[in-house]
Amino acid sequence: LLEQGADAHARNAADKTALHIAVWKGHRDVVSYLCQEHADWSMIISDVYGRTTLMTAAMRGDVAMVRLLLELGGKCDSELIDRADKSGLTALKHAA
């Protein structure tokens, strides 16, 4: 779809991007494709609940996805680690 011109950054009613949904569903190949082919993806982008893709992977308990996102996302700084969603939970707290 992206090769045919679909908007890679389109959002649904919950403000989720294709990357958010691919992470939630555990589609590692899609996540890799989106992150590699669309380098402007950011793990900082959040949905309507303030959740980043890293938080989403942590919520699912998907350690492999967390690792993949960290590898593909480049630097993992304190802004990403310490960022909380609208419930006040960080990725680490979602994982616990």
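Visitor: What's the story with helix 4 (residues 63–72) in this structure? I'm lost.
Guide: Every buried residue belonging to helix 4 is among Met65, Leu68 and Leu69, and all of these are buried. Projected onto a plane normal to the axis of helix 4, the buried residues spread over an arc of 95° and lie on a single side. For helix 4, the exposed residues lying more than 90 degrees away from the buried face are Arg67 and Glu71.

Visitor: Can you help me understand the nonpolar core in this one?
Guide: Buried together is how nonpolar side chains tend to be arranged in soluble globular proteins. The biggest cluster of nonpolar side chains holds 10 residues, and these are Leu19, Ala22, Val23, Val31, Leu34, Cys35, Ala57, Met65, Leu68 and Leu69. Those elements that place two or more of their residues in this core are helix 1 (18–25), helix 2 (28–37) and helix 4. In this structure, Leu54, Met55, Ala58 and Ala91 belong to the second largest nonpolar core, which totals 5 residues.

Visitor: What is the right way to look at the packing of helix 2 against helix 4 in this model?
Guide: The description of two helices packed together rests on the angle between their axes and the distance between the axes. The contact between helix 2 and helix 4 brings their axes to 10 Å, and the two run at 10°. Considering their axes alone, helix 2 and helix 4 lie roughly parallel with respect to each other. In this structure, the crossing between helix 2 and helix 4 has a hand that is right-handed. Listed contacts from helix 4 to Arg28, Val31, Ser32, Cys35 and Gln36 of helix 2 are Ala64, Met65, Leu68, Leu69 and Leu72. A breakdown of the residues in the contact of helix 2 with helix 4 according to their chemical character gives 7 nonpolar, 2 polar and 1 charged.

Definitions and cut-offs
- Residues numbered from 1 in each chain as written.
- Predicted model: local features only at pLDDT ≥ 70, side-chain atom pairs only at ≥ 80, totals over all residues.
- Heavy atoms only, no water.
- Buried < 20%, exposed > 50% of the residue type's maximum accessible area, 1.4 Å probe, protein only.
- Helix = DSSP H or I, 4+ residues; strand = E, 2+ residues; numbered from the N terminus.
- Arc of directions from axis to C-beta.
- Core = buried A, V, L, I, M, F, W, Y, C linked by side-chain atoms within 4.5 Å.
- Axes fitted to C-alpha atoms, helices over the stretch in contact; angles between N-to-C directions.
- Parallel < 35°, antiparallel > 145°, perpendicular 65-115°, else oblique.
- Left-handed = near helix turned anticlockwise from the far one by under 90°.
- Contact = heavy atoms within 4.5 Å.
- Nonpolar A, V, L, I, M, F, W, Y, C, P; charged D, E, K, R; others polar.

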